[in-house]
Amino acid sequence: MTDKPTIAIAGAGIGGLTAAVALKKAGLTATLYEQAPELGEVGAGLTITPNATRILDGLGLDAAMAAMADATPHVGALDWKTGERVEYTPRGADVYLKAYGAVTRHVHRADLHDALMAALQPRANQIHTAHQLQTVKQSAGGIELGFTNGQTAQCDVLIGCDGIKSAVRDALFPTEPPRFTGYVAWRAVVERKHAPRVNLDPHFASYVADGKMFGRYPLRHGNVINCVAMAKRDSAGDESWTARDDVNNVLKEFEGWHRDVIDIIKAIPADGCFRWSLHTRKALDSWVDGRVTLLGDAAHPMTPFLGMGAALAIEDAAVLGRCFGKYGPDWDAALAAYQAARLERGNAIFARSISQGERLFGTGASKHHRSPGFGLDDLYRYDALSVDI
Ligand SMILES: Cc1cc2nc3c(=O)[nH]c(=O)nc-3n(C[C@H](O)[C@H](O)[C@H](O)COP(=O)(O)OP(=O)(O)OC[C@H]3O[C@@H](n4cnc5c(N)ncnc54)[C@H](O)[C@@H]3O)c2cc1C
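The rules behind each value
- Residues numbered from 1 in each chain as written.
- Predicted model: local features only at pLDDT ≥ 70, side-chain atom pairs only at ≥ 80, totals over all residues.
- Heavy atoms only, no water.
- Helix = DSSP H or I, 4+ residues; strand = E, 2+ residues; numbered from the N terminus.
- Rg over C-alpha atoms; globule rule 2.2 N^0.38 Å.
- Buried < 20%, exposed > 50% of the residue type's maximum accessible area, 1.4 Å probe, protein only.
- Areas by Shrake-Rupley, 256 points an atom, 1.4 Å probe, with all protein chains shown as cover.
- 1 Å grid on protein atoms, 1.4 Å probe; cavity = no way out; pocket = protein on both sides within 12 Å on 5 of 7 lines; lining within 4 Å.
- Points joined across faces, edges and corners; volume = space filled by probe spheres on them.
- Nonpolar A, V, L, I, M, F, W, Y, C, P; charged D, E, K, R; others polar.
- Pairing = 2+ DSSP bridges.
- Salt bridge = Lys/Arg side-chain N within 4 Å of Asp/Glu carboxyl O.
- Axes fitted to C-alpha atoms, helices over the stretch in contact; angles between N-to-C directions.
- Domains from an automatic or database assignment.
- Contact = heavy atoms within 4.5 Å.
- Buried area = accessible area lost by both parts, 1.4 Å probe.
- Polar contact = N/O pair within 3.5 Å; in protein donor to acceptor, adjacent residues only side chain to side chain.

### Things to note about the overall build of the chain
- If you tally the helices and strands in the chain, you get 10 helices and 19 strands.
- Over its C-alpha trace the chain gives a radius of gyration of 21 Å, about what one expects of a compact globule, namely 21 Å for 389 residues.
- In terms of overall dimensions, the chain has C-alpha extents of about 65 × 50 × 35 Å along its principal axes.
- In the chain, which comprises 389 residues, the share counted as buried stands at 56%.
- On the chain, roughly 16000 Å² of surface is accessible, and the fraction owed to carbon and sulfur atoms is 49%.

Take a look at the structure:
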C-alpha cells in the first residue's frame, strides 16, 4: 500500500471538482481528466440547497458563495395562467439558518465552477482537458486509463465523476443504457433588461399546468434571469440529448401562459435556448468495484425535478474526501466507508427525484402544486461534514 494513493478523477464538472477540493483538504492531490477541450459549465442556474451550501462553506467557498448570491428570500408557486400566488414561502438567511444551519442560494453554474477552481488552485498538470476516458483496466497493482486521444495514465484509485453517460460506470458496473424519462427541458439565461416588467417576487417561482412546468429565478444579483421549461414527450426523438433549439418552439409550447412566462421566453437570445432530453438509469447496488468508485450523476443519474442533483454530487464529494482523510493510504477502507455512508441516501433521493417528476407532471398537478423545496426539510438537514464514516 502506497503512502498516499494516486487518485484520478474522470470528469471535471461540479462533482469532480468538488471531490478534488475535498481530497485536497484531506491532503491528497487528485488528477482530473475532462473530455471537454476547455473547462467550464453550461450557462444555466443552479439551486444550491442548505445541505450543499454547508459543505461549500466548509470547503472554504463561503465568501465566494456569498458574493454570488444572497440567501434566497422567498420561493413560491404561481398559477400558470393568471400568475396569482398558489403558494408562497418566506425564506431568507434567518429562516434557513434557524431551520437548517445553512442557506439556499441560486447561483450561476459557471460562477460555482470558477469558485471551485479558485479553491482547488490546481498544480501544473493536475487537470487534463480533451481527455475523454474510454477504457479502464484494473489489476492487483493499479489501474490503467485509456483515453480517446490515444493517451494513457496510471493511478491507484479512480473516481468516476463523468455524469449520466459515465464511461467508468459502463466499463465496470452492471448497468444498462440510459433511458428517456418522457420529459424534455429547455434552459436559458436572459438579461433582466430584456424582460424588465417581470415580477421577481417570489424570488424562485414555478408555474405548473398538467404535463408542463416553467420555473424562473434571478441570478447575479438580479442582472439575469434563469429559466427552465419542461414538457412531456412520447419519445426523445433522434436528436442529441442536448442541443440548441428555436425559441419559437418554446413559445409555441407555452402559448397562453402568464405574461411573465411569455416575456422571459421572448427575451431568450436566438442562440441561447438549450434543450435537454432528460434521461436516467437504474439505481446500482454497489458503487465500488476494486479500486474504482462512482460519484454524482455517474452513481445516481438524478432527474432535475428536485433540483438537487448537483447538491447530491457535492455531498458525495465531501464524504469521499473525509473517508480518504480518515483512512489515509488504505484506499480499500476509504472506498468501503464512502459507499457505506452514501449509497442508501444517494439511491433514496434519486428515487425521490423520479416520483417528484410524476407528482409535478401528473393530472391535476397544477392544483396540488407547491413551491420548490416543499417537504424537503429532512434532506436539507443532512450534514455531510459530520455524518458517521
Ligand atoms: C434542466 C436541469 C436543471 C437542473 N437543475 C439543478 C439544480 O437547480 N440544482 C441541482 O443541484 N441540480 C440540478 N440539476 C442536476 C445537475 O445538473 C446534475 O445532477 C449535476 O450536474 C451532476 O454533476 P456531476 O458532476 O455528477 O455530472 P456532470 O455535471 O454531468 O459532469 C460530468 C463531467 O464529466 C465529463 N465527462 C463525461 N464523460 C467523460 C469521459 N468519458 N471522460 C472524461 N470526462 C467526461 C463531462 O464533460 C462533465 O464535465 C439540473 C439538471 C438539469 C438537466
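Back to the text.
### Some points on empty space enclosed by the protein
- On inspection of all chains with the given rule, the structure shows one cavity of 30 Å³ or more.
- If you add up the space inside the largest cavity, you get close to 40 Å³.
- The wall of the largest cavity is formed by W186, R187, A188, F214, C227, A229, V250, I265, I268 and C273.
- Of all the elements in the fold, those that place two or more residues in the lining of the largest cavity are β12 (179-191) and β15 (224-232).
- Ranked by residues supplied to the lining of the largest cavity, first place goes to β12 with three residues.
- Considering only residue class, the lining of the largest cavity consists of nine nonpolar, no polar and one charged.

### Digging into the pairing of strand β9 (residues 142-147)
- The buried count for β9 comes to five of six residues, which makes it a mostly enclosed element.
- Sheet topology note: the strand β8 (residues 133-139)/β9 ladder contains six bridges and is antiparallel. Residue V136 lies in a different strand from β9, and its bridge partner there is L145.
- Linking two consecutive strands that pair antiparallel, namely β8 and β9, is a turn of two residues.

### With respect to the pattern of salt bridges
- On inspection of all chains with the given rule, the structure shows 11 salt bridges.
- In this structure, the salt-bridge partner of D245 is R275, at a minimum N-O distance of 3.7 Å. Remark: R275 occurs in strand β17 (residues 274-280) and D245 occurs in the loop between β16 (242-244) and α6 (247-253); sequence separation between them is 30 residues.
- Of the charged contacts in the structure, one is a salt bridge between D316 and R342, with a shortest N-O distance of 2.7 Å. On the criterion of sequence distance, the pair formed by D316 in helix α8 (residues 309-327) and R342 in helix α9 (residues 331-361) is long-range, its members being 26 residues apart.

### Section: unusual backbone geometry
- Residue P202 follows D201 across a cis peptide bond; omega there is 5°.
- Position of P202 among the secondary structure elements: in the loop between β12 and β13 (204-209).
- One non-glycine residue, Q121, adopts positive backbone phi at about 40°.
- With respect to the element layout, Q121 can be found in the loop between α4 (109-120) and β7 (127-128).
- Positioned with a positive phi, R220 is a non-glycine residue whose angle comes to about 50°.

### Regarding the sheet that holds strand β10 (residues 152-155)
- With antiparallel pairing, the three strands of this open sheet are ordered in space as β8-β9-β10. With partners counted over all chains shown, the strands left at the sheet margins are β8 and β10, one partner each. Averaged over neighbouring strand pairs, the angle between their axes works out to 20° when direction is ignored.

### Looking at the domain arrangement of the chain
- Taken domain by domain, the chain holds domain 1 (7-76 + 100-178 + 282-380) and domain 2 (179-280).
- Between the C-alpha centres of domain 1 and domain 2 the distance comes to 25 Å.
- Taken residue by residue, the interface counts 42 residues in domain 1 and 33 residues in domain 2.
- In total, domain 1 and domain 2 occlude about 2900 Å² of area from one another, counting both sides; carbon and sulfur atoms represent 62% of this.
- Its largest share of buried area at the contact with domain 2, domain 1 owes to H106, P178 and F361, together 22% of the area lost on that side.
- Between domain 1 and domain 2 we count 12 residue pairs in polar contact (both at pLDDT 80 or more) in total.
- Broken down by secondary-structure element, the contributors of at least two residues to the side of domain 1 that touches domain 2 are β3 (45-48), α2 (50-68), β4 (74-79), β6 (105-108), α4 and α9.
- With six residues, α9 is the single largest residue contributor to the side of domain 1 that touches domain 2.
- Looking at the side of domain 1 that touches domain 2 residue by residue, the class counts come to 21 nonpolar, 15 polar and six charged.

### Focus: the sheet that holds strand β2 (residues 30-33)
- Across the sheet, six strands lie side by side as β7-β2-β1-β11-β19-β18; this open sheet has mixed pairing. The open sheet has two free edges, formed respectively by β7 and β18 (288-289), since each of these has just one partner strand.
- Pairing between β2 and β7: two bridges, direction parallel. When the sheet's bridge partners are listed, Y33 is paired in β7 with H128.
- Across the face of the sheet, helix α1 (residues 14-25) comes into contact with β1 (7-10), β2 and β11 (157-160) while running at roughly 160° to β1.

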